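# Structure at a glance
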2 protein chains.
Amino acid sequence: IKCKTLLITILSQSFRDSQFLQVTRNWTFYFLWPLPQQLHQSADRDCLSPQRFSFTYGRDSAAQTGCSVLDAAFKRYFSIIFPDFTTLSGLLMPENDVKTRGCDGYPDEDSDESYMLSVSEGQAVLRSVSVWGALRGLESLSQLVYQDDYGTYFINKTEIVDFPRFAFRGLLLDTSRHYLPLYAILKTLDAMAYSKLNVFHWHIVDDPSFPYQSRTFPDLSNKGAFHPFTHIYTQSDVIRVIEHARMRGIRVVPEFDSPGHTQSWGKGQPGLLTPCYKGSVPSGSFGPVDPTVDTTYKFMESLLKEVKFVFPDSYVHLGGDEVSFACWQSNPNVRKFMEKMVERLKKNFICTKKFGDTVLEIWKGAKYQTELSRMTQAGHRVLLSAPWYINHISYGQDWRNSYAVQPQNFSGTDEQKKLVIGGEVAMWGEYVDATNLSPRLWPRACAAAERLWSNEEKTLNADLAFPRLKEFRCELLRRGIQAEPLFVGHCRHEYDGL
Amino acid sequence: IKCKTLLITILSQSFRDSQFLQVTRNWTFYFLWPLPQQLHQSADRDCLSPQRFSFTYGRDSAAQTGCSVLDAAFKRYFSIIFPDFTTLSGLLMPENDVKTRGCDGYPDEDSDESYMLSVSEGQAVLRSVSVWGALRGLESLSQLVYQDDYGTYFINKTEIVDFPRFAFRGLLLDTSRHYLPLYAILKTLDAMAYSKLNVFHWHIVDDPSFPYQSRTFPDLSNKGAFHPFTHIYTQSDVIRVIEHARMRGIRVVPEFDSPGHTQSWGKGQPGLLTPCYKGSVPSGSFGPVDPTVDTTYKFMESLLKEVKFVFPDSYVHLGGDEVSFACWQSNPNVRKFMEKMVERLKKNFICTKKFGDTVLEIWKGAKYQTELSRMTQAGHRVLLSAPWYINHISYGQDWRNSYAVQPQNFSGTDEQKKLVIGGEVAMWGEYVDATNLSPRLWPRACAAAERLWSNEEKTLNADLAFPRLKEFRCELLRRGIQAEPLFVGHCRHEYDGL
């Protein structure tokens with residue numbers, strides 16, 4: 001087989017108005033997950049030679065060498081496409097930390113992730129408006145390459161026009177019920193990028209433990225973490241997570257759930273929680289944060305100011321659900337407390353169901369359609385999570401349930417449906433830690449990832465999706481993600497390195 | 001703290017009539033799973049010094065240095081007890097292969113696993129009738145040792161008299177629906193020994209693939225395995241598994257399920273399977289093995305002779321369930337075929353429900369009590385597996401369901417109840433491979449392990465068992481078994497090395 005050298009131009013139409021990227025390589029079609037909006041493939045294929053393959057910025061591209069996000073992506077995707085030629089181990093380690101923050105800074109809710117990819121003989125052209133779109137295109141490109149039985153790499157002639165259906169495609173990890181070591185979080189971010197999920201919702205603290213090491217209030221983790229040194233996220237850990245995510249076009253939305261779910265906060269911040277009473281005597285246990293004392297507001301304001309500074313995303317999730325009123329009977333105060341916090345910090349907040357002027361997330365309830373209808377009628381922007389509590393497991397192919405969810409299938413006007421800005425997969429941590437996180441998440445979370453990215457009309461049939469998802473799961477394994485099997489069978493690279 | 005040197009005599013009352021083992025160390029009480037039959041502990045404790053600790057055979061012990069099983073066990077348990085002093089990595093590697101087969105050979109259904117362990121000041125004495133009992137006692141001993149917050153090792157004064165409730169405490173792995181690499185099997189054997197499970201039921205071949213590399217019929221795996229080199233068990237692999245198991249007092253019962261579940265066999269053995277017909281024309285698909293041709297009997301006899309030679313255990317499991325009669329309508333022939341095989345090979349066979357003069361295993365059906373009653377009334381010895389299909393998962397603490405099983409709680413006489421020789425946990429492979437095997441097995445399989453070993457009256461309350469199981473799960477993690485969490489919380493050694 002004579003391999004031709006292909007010149008691939010990854011053109012970004014405009015990067016803050018126009019950018020071009022170029023890549024030289026050799027390539028075809030295999031699996032693609034999530035399914036692009038428009039895809040045309042031919043049986044014509046070219047073989048690729050790793051030796052003659054290179055990514056190059058287009059001459060007129062607004063992004064050029066020095067663009068940290070894309071320089072790193074070229075390196076990463078070269079290894080992903082040609083694992084035999086490089087070592088995949090580099091994937092496991094994050095980049096050598098933050099250097100330049102240039103090149104679009106951080107992805108946000110307005111990021112344009114659309115791209116066009118045209119693979120022809122000897123060349124592929126990738127066009128995008130922003131680096132984030134270029135990242136999505138590189139991922140699709142990497143999924144187009146396959147190897148035959150002799151190990152030769154191929155790519156088919158392909159035309160892709162692609163963009164996400166929803167801007168917010170999240171995944172929640174809960175690091176309070178069980179601590180997740182840094183590598184588990186970074187690995188999750190890798191797999192999110194492979195699935196084109198773009199928001200890491202970090203449910204970082206909760207009742208059981210407070211692993212976030214605050215600079216303002218170090219006692220919160222000193223006394224509230226499972227262990228003050230082994231079970232915390234230092235400032236440097238947090239920066240690593242945010243940077244690892246940024247490099248993959250993933251936003252990090254931290255959640256500091258309050259005023260309930262704060263038992264662990266109380267250990268390092270005496271006086272914060274409401275003392276419960278039994279008759280006229282304190283019972284020794286504590287309820288939600290105490291809204292009746294001014295110190296609470298000062299503390300919350302300082303903490304959230306720090307959070308706002310440390311986490312660059314414009315969203316902070318304030319939780320707000322499941323407040324225990326058995327101890328704390330003053331419902332209106334909860335509302336007042338939350339509104340005060342939102343008002344003072346002038347960030348966007350995601351809350352659950354209760355508070356105005358924010359994005360509402362639908363967390364609970366089997367009848368999420370009714371909730372969607374009700375909340376969008378009230379004019380709220382909403383995020384759907386209720387049907388994607390992926391910590392709930394059952395025997396067999398339960399990804400099909402996630403796949404069957406139709407986020408805009410509720411009674412309401414077109415205007416109401418536009419208020420659904422996306423959704424997220426939630427992996428609550430009661431029964432999950434580093435021992436079982438990856439196989440429980442992947443490939444199950446891929447179902448929601450496709451629902452949130454792809455055209456619903458083209459992707460409603462789970463039986464048709466199955467072989468494609470099976471291939472994608474094998475590809476996840478090949479990339480070092482411990483994704484569990486969907487059914488009987490095997491993958492070419494299935495247990496090496498596990 | 002001044003640590004005393006403790007002299008521990010592990011006495012085996014008789015090893016082919018009497019044996020004594022001695023150990024010098026320093027030690028106390030923590031978790032014990034499964035619960036010993038009789039246990040007395042005091043608050044008195046001694047500290048242990050790894051430097052002054054040693055296992056020694058008692059002077060009058062029938063087993064002495066050179067006894068492969070116990071020499072290896074001493075080395076293994078020293079590392080388990082003092083991980084800070086040695087490296088646990090040794091645990092991951094199997095022993096340097098087969099050398100001496102002495103010292104009781106292989107465990108079998110009549111092996112005496114009872115032991116007595118007496119830990120007093122400066123000394124512990126372990127008595128057992130066989131090396132298998134000594135292994136169980138060493139496991140309990142290792143679970144008695146704990147570390148305080150300063151890392152000092154302790155053991156409390158303890159008296160244990162212990163023996164298994166049932167002789168057959170099995171675990172089934174299915175290596176046909178997904179191939180399991182050797183290390184996954186060896187790791188499972190390690191964890192079985194920690195839980196005192198003693199039969200590895202190797203469901204080695206089935207419809208989807210034939211990974212067993214037969215010396216007589218190499219084409220069976222050449223053509224029937226997922227891959228003829230990466231997805232097979234060579235003769236040397238099988239020997240390694242059997243030896244790793246033997247060293248831990250675990251029997252290996254292979255299963256060559258027939259006459260159904262043999263689709264993969266047909267690939268390497270043309271003419272073996274019944275051709276299915278559509279009207280008067282062969283449809284191109286195949287049914288169970290063809291009982292109407294003599295070649296089938298010759299083939300089966302040769303294959304089972306090889307199996308009998310390779311696997312030392314006196315049991316071979318012949319499956320026998322779920323025969324598809326849609327293709328093969330001659331029910332009486334199936335029975336004749338199976339009986340013929342059993343008769344010719346003169347081994348013990350375990351079958352499912354259908355055939356006489358064998359141990360019957362109850363695999364299916366929600367009403368297993370009725371089956372137990374019916375089969376024991378007919379005088380059959382039975383094995384219970386139906387309520388322990390651990391591949392079936394559900395959200396939350398489903399180990400409690402396994403724990404609630406009472407194998408002798410069915411209507412029948414005392415004689416009938418004695419016919420229950422044990423049970424087994426079955427991990428069928430539809431949705432399980434090396435990515436999720438360990439966290440799905442452990443600690444969930446521990447529930448059945450305790451039910452099969454311990455006194456039921458002392459262990460029926462799952463709430464009381466919970467903290468002990470939680471500790472045991474942490475200990476499994478410490479020993480390198482990727483056991484998933486039971487609930488919110490953390491372990492001291494929970495993610496290092498994962």
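Just so it is clear, the structure is predicted and the values come from calculations on it, not from any experiment. (Residues numbered from 1 in each chain as written. Chains lettered and ligands numbered in written order. Predicted model: local features only at pLDDT ≥ 70, side-chain atom pairs only at ≥ 80, totals over all residues. Heavy atoms only, no water.)

### Overview of the UniProt feature "domain: Beta-hexosaminidase eukaryotic type N-terminal" (unreviewed entry) in chain A
So the rule is basically this: UniProt positions are given in the numbering used here, feature names are shortened, and annotations may be inferred rather than shown by experiment. Numbering of helices and strands starts at the N terminus; helices are DSSP runs of H or I of at least 4 residues and strands are runs of E of at least 2.
Those places that UniProt annotates as "domain: Beta-hexosaminidase eukaryotic type N-terminal" (unreviewed entry) correspond, in this numbering, to residues 109-144 of chain A. From the first C-alpha to the last, residues 109-144 of chain A spans 28 Å; its make-up is 39% helix and 33% strand.

### Description of the pattern of salt bridges
In plain terms, the rule: Basic side-chain nitrogens of Lys or Arg form a salt bridge, by our definition, when they fall within 4 Å of a carboxyl oxygen of Asp or Glu.
Under the defined criterion, the tally for this structure stands at 48 salt bridges over all chains. Among the ionic pairs, A:R492 bridges to A:D149, the shortest N-O distance being 3.6 Å. In this pair, A:R492 sits in the segment after α15 (462-478) while A:D149 sits in the loop between β8 (146-147) and β9 (153-162), placing the two residues 343 residues apart along the sequence. A:R440 serves as the salt-bridge partner of B:E484, at 3.1 Å between the closest nitrogen and oxygen. With one member in each of two chains, B:E484 in the segment after α15 (462-478) and A:R440 in helix α13 (residues 437-441) form a pair that bridges those chains.

### Here's the deal with the environment of B:A184
Along the chain, the position of B:A184 falls in helix α4 (residues 182-194). With 253 residues separating them in the primary sequence, B:A184 and B:L437 have C-alpha atoms 7.9 Å apart.

### Here we look at the state of the cysteines
Filter applied, for reference: Here, the term disulfide refers to a pair of cysteine sulfur atoms separated by no more than 2.5 Å. Throughout this description, buried means an accessible area under 20% of the type-specific maximum (1.4 Å probe, protein chains only), exposed means over 50%, and partly exposed covers the range between.
Under the definition given, this model contains 2 disulfides over all chains. Paired by a disulfide, A:C474 and A:C491 hold their sulfur atoms 2.0 Å apart. Where A:C474 bonds to A:C491 through sulfur, the torsion about that S-S bond is close to -75°, and the disulfide is left-handed. With a gap of 17 residues between them, A:C474 in helix α15 and A:C491 in the segment after α15 connect regions that are remote in the sequence. As far as the burial class goes, A:C474 and A:C491 line up, both buried. No disulfide involves B:C446; its nearest neighbouring cysteine sulfur is the one of B:C474, lying 12 Å away.

### What about the pairing of β9(A)?
Residues and elements named next belong to chain A. Here is the rule: Here the rule is simple: two strands pair whenever DSSP picks up at least two bridges between them.
With 7 of 10 residues buried, β9 is to be regarded as a mostly interior element. Relative to β9, strand β4 (residues 38-48) is paired through 8 bridges, and the arrangement is antiparallel. Each residue of the ladder has a partner; that of Q38, found in β9, is V161. Strand direction decides the pairing type here: strand β6 (residues 115-120) and β9, joined by 5 bridges, are antiparallel. Counted as the bridge partner of L117 is I160 from β9. Of the pairings in the sheet, the one linking β8 to β9 comprises 2 bridges and is antiparallel in character. Bridge pairing in β9 links Q147 to Y153. Hairpin connection of β8 to β9: 5 residues between the antiparallel strands, including G151 at a positive phi of 90°.

### Re helix α10 (residues 368-377) of chain B
Residue and element names in this part refer to chain B. The criterion, for reference: Any pair of residues with heavy atoms lying within 4.5 Å of one another is described as a contacting pair.
Turning to α10, its buried residues are Y368, E371, L372, S373, M375 and T376. In this structure, the buried side of α10 is in contact with β17 (359-362), β18 (382-384), α12 (414-418) and β19 (420-427). In the stretch just after α10, G379 is the one whose phi turns positive, near 90°.

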